[in-house]
Amino acid sequence: MISILSSFAGPVAQGIIWGIMAMGVYITFRILDVADLTVDGSMATGGVTLVVLVTGGMHVGLALVIAFLVGCVAGLVTGVFHTKFGIPAILAGILTQLILYSVNLRITTQRSNVPLSVDKYHILISLRHLTNAIIVSAIFAAVIIAVMYWFFGTELGHSLRATGCNPNMARANGINTDNNKIIGLVISNGLVALSGALLAQYQGFADINMGRGAIVIGLAAVIIGEVLLGKVFKNFALKLLAAVIGGIIYYIVISLVLKAGLNANDLKMFSALVVAVFLGIPYWQRKLAEKRSSKEDKANA
Amino acid sequence: MLKVNNIYKTFNKGTVNEKKALNGVNLELNEGDFVTIIGGNGAGKSTLLNSICGVFTVDRGTVVIDGVDVTKLPEHKRAKYLGRVFQDPMMGTAADMWIEENMSLAFRRGKPRGLKWAITNKERASYREMLSHLGLGLENRLSSKVGLLSGGQRQALTLLMAVMQKPKLLLLDEHTAALDPKTAETVLNLSDRFIKDEGLTAMMITHNMNDAIAHGNKLIMMHEGRIIYSAEGEEKKSLTVDDLLKKFADISGNELANDRMLLSN
């Protein structure tokens, strides 16, 4: 029994780290109603920034702060593309993602993979010490949930929610929706980069491709959390927690299907299909309901 | 209070869909004026209101609200002068947010939004008090999502939100058109009450000519982007629907043959 549980320790730690990323996705996808693809780039940016700074001798705490801020800048670029250049949000994110690919290679001085040995450097988490990794990443997640809960309860936070929910109403009430979208993208990508910086420590390296498909994992975590816990978790803090739990469940499922013999190279296809199906379910439910009500109307006519 | 000077607006200029929506509109309202606006489809009624709100910038002319030239201000910066209620009950509120959250958004219209807690207990009490005056039982549902309310309830709430920070100008864009007749009457009476009690300056688009005659102290009729007729005071009071139909036919050379307008009388 204990061996089964301990075999899940790795996926749990990974799930919490990706859950932090998923909270970033939640801000754009659910609150701002924008699908932001910047995250595939900013995840790796956070990772390579942290590794280069720590191996260069910087304290890991400061390196985490800087990784977060670099992610914020990435979000700012997407926000400016979207609101000041009038580029659709999805395309704006793809453009920044491409920019970040070059930027990330600059950060690593053109290396595609930069190692970060837990033996040589003082870092916070590592897959060699799983219990510690789970506790530390859980503390990060808890602090982030608390800060987000506070922020989205403030006047500014409320105006962000209104921006995503009904931009016309927001503007009619004096809210600068363009600025709010930028603020949301900045916070979101800051969190994603922070998650990338934690992941780099956990796995002991950062890779230029470590963010590829990140948006899909983030969406999967958000959606799994909503499907399983949406009925019980109504409070905003709990909704964020649901995204983290969604991340954990995602990685447990992944570890199980890998054990069952799924080729690791097929993993991305598997994840994308799962997300497609879960995004489709509410749409199909609506269609079905429409069909039923139109049948009823005919019967009543 | 409001000065609209010779404004023009053409949509899709230079394309086959070119539409001259406003063709030199002049309008002046004094404080406390309540003008009703009628006209056929595409007459420019909503375009006039939207150009006052800054949904788009006008091609020519100026809009001055309470002595401030707002012609070039973006929509969110003009909002502090304006209270707005739209035709679509879904437009004026944020469906996924609670009643009290929506009210707190409106309560801060025109004020900077910082990192202070969005709703204080004192505010909450005042929201409850305001809602109780609507007589719809919403005062006990502060933490209900607005998306759960009926169209009439949402429209009444939007109206309350539009006036809770006293606007320089209240703009009502066919705000009862999507409601059933009884609810429409309730919301219209509520609008009248707010305008009278607060001494608001207001503009109301309506397709119902009886309403246009019965409410407000001024009436304007629009056609093809122009104001073709206006009446106020005794002249307005003595108008009948037949008068308006005849006036329209005389001035525009067309019938005001809009089924919706005729049927609703």
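Residues numbered from 1 in each chain as written. Chains lettered and ligands numbered in written order. Predicted model: local features only at pLDDT ≥ 70, side-chain atom pairs only at ≥ 80, totals over all residues. Heavy atoms only, no water.

### Describing the packing of helix H2 (residues 9–31) of chain A against helix H9 (residues 177–203) of chain A
Residue and element names in this part refer to chain A. Between H2 and H9, the shortest axis-to-axis distance is 7 Å and the interhelical angle comes to 165°. Classified by the interaxial angle, the pair formed by H2 and H9 is roughly antiparallel. In this structure, the crossing between H2 and H9 has a hand that is left-handed. Between H2, through Gly-10, Ala-13, Gln-14, Ile-17, Trp-18, Ile-20, Met-21, Met-23, Gly-24, Val-25, Ile-27 and Thr-28, and H9, the contact on the second element is made entirely by Gly-184, Leu-185, Ile-187, Ser-188, Leu-191, Val-192, Ser-195, Leu-198, Leu-199 and Tyr-202. (Axes fitted to C-alpha atoms, helices over the stretch in contact; angles between N-to-C directions. Helix = DSSP H or I, 4+ residues; strand = E, 2+ residues; numbered from the N terminus. Parallel < 35°, antiparallel > 145°, perpendicular 65-115°, else oblique. Left-handed = near helix turned anticlockwise from the far one by under 90°. Contact = heavy atoms within 4.5 Å.)

### Re the layout of surface pockets
In this model, the largest pocket occupies a volume close to 1700 Å³. Lining the largest pocket are 41 residues, with A:Tyr26, A:Lys234, A:Lys239, B:Asp96 and B:Lys145 positioned closest to its centre. Looking at the lining of the largest pocket, the elements with two or more residues in it are H2, helix H7 (155–165), helix H10 (214–229), helix H11 (236–259) and helix H12 (267–300) of chain A together with helix H3 (99–107) of chain B. Along the lines of polarity and charge, the residues of the lining of the largest pocket split into 22 nonpolar, 7 polar and 12 charged. The computed volume of the second largest pocket comes to approximately 480 Å³. If you trace the second largest pocket, you find 20 residues lining it, with A:Trp18, A:Arg212, A:Ile217, A:Tyr251 and A:Lys268 closest to the centre. Put simply, the parts of the chain that give the lining of the second largest pocket at least two residues each are H2, H9, strand S2 (205–207), H10, H11 and H12 of chain A. With 4 residues, H12(A) is the largest single contributor of residues to the lining of the second largest pocket. For the lining of the second largest pocket, a count of residues per class yields 12 nonpolar, 5 polar and 3 charged. (1 Å grid on protein atoms, 1.4 Å probe; cavity = no way out; pocket = protein on both sides within 12 Å on 5 of 7 lines; lining within 4 Å. Points joined across faces, edges and corners; volume = space filled by probe spheres on them. Nonpolar A, V, L, I, M, F, W, Y, C, P; charged D, E, K, R; others polar.)

### What to know about the nonpolar core
By size, the foremost hydrophobic cluster in this structure holds 70 residues, and its most contacted members are A:Trp18, A:Met21, A:Met23, A:Leu50, A:Met148 and A:Phe152. By residue number, the principal contributor to this core is H2(A), which donates 14 residues. If sequence neighbours within four positions are ignored, A:Phe152 has contacts with A:Ile27, A:Ile31, A:Gly157, A:His158, A:Leu160, A:Arg161 and A:Phe236. Listed in part, the 38 residues of the second largest apolar core include B:Ile99, B:Leu142, B:Leu172 and B:Leu190. (Core = buried A, V, L, I, M, F, W, Y, C linked by side-chain atoms within 4.5 Å. Buried < 20%, exposed > 50% of the residue type's maximum accessible area, 1.4 Å probe, protein only.)

### Comments concerning the state of the cysteines
Overall, the coordinates contain 0 disulfides over all chains when judged by the stated rule. With no disulfide partner, A:Cys165 has as its closest neighbouring cysteine sulfur the one in B:Cys53, 20 Å distant. Exposure remark for A:Cys165: the relative accessible area of 26% places this residue in the partly exposed category. (Disulfide = S-S within 2.5 Å.)

### Overview of unusual backbone geometry
Residue and element names in this part refer to chain B. Notably, Asn-12 is not glycine yet its phi reads approximately 50°, a positive angle. With a phi angle near 50°, Asp-66 is a residue other than glycine that sits in the positive phi range. Of note, Asp-66 is situated in the loop between strand S4 (60–65) and strand S5 (68–69).

### Considering the sheet that holds S5(B)
Residue and element names in this part refer to chain B. Sheet architecture is open: 4 strands sit in the order S2-S1-S4-S5, paired in antiparallel fashion. Each end of this open sheet is capped by a strand with a single partner; those strands are strand S2 (19–29) and S5. By the bridge criterion, 8 bridges tie strand S1 (residues 2–11) to S2 in an arrangement that is antiparallel. The residue of S2 that forms the bridge with Ile-7 is Val-25. Together, S1, S2 and S4 form the strand contacts of helix H1 (residues 45–53), whose direction differs from that of S1 by roughly 115°. (Pairing = 2+ DSSP bridges.)

### Regarding empty space enclosed by the protein
Counted by the stated rule, this structure contains 3 cavities of 30 Å³ or more. Size it by volume and the largest cavity reaches roughly 80 Å³. Around the largest cavity sit A:Met169, A:Ala172, A:Asn173, B:Leu82, B:Gly83, B:Arg84, B:Phe86, B:Gly92, B:Arg109, B:Thr158, B:Met161 and B:Ala162, which together line it. Put simply, the parts of the chain that give the lining of the largest cavity at least two residues each are helix H8 (167–172) of chain A together with strand S6 (82–85) and helix H5 (151–164) of chain B. By residue class, the composition of the lining of the largest cavity is 6 nonpolar, 4 polar and 2 charged.

### Points about helix H6 (residues 130–151) of chain A
Residues and elements named next belong to chain A. The terminal C-alpha atoms of H6, which comprises 22 residues, lie 31 Å apart, in line with the 32 Å expected from a rise of 1.5 Å per residue. Taken as a whole, H6 has its buried residues at Ala-133, Val-136, Ser-137, Ala-141, Ile-144, Ile-145, Met-148 and Phe-151. The inward-facing, buried residues of H6 abut H2, H7, H9 and H11. (Expected span 1.5 Å × (residues − 1).)

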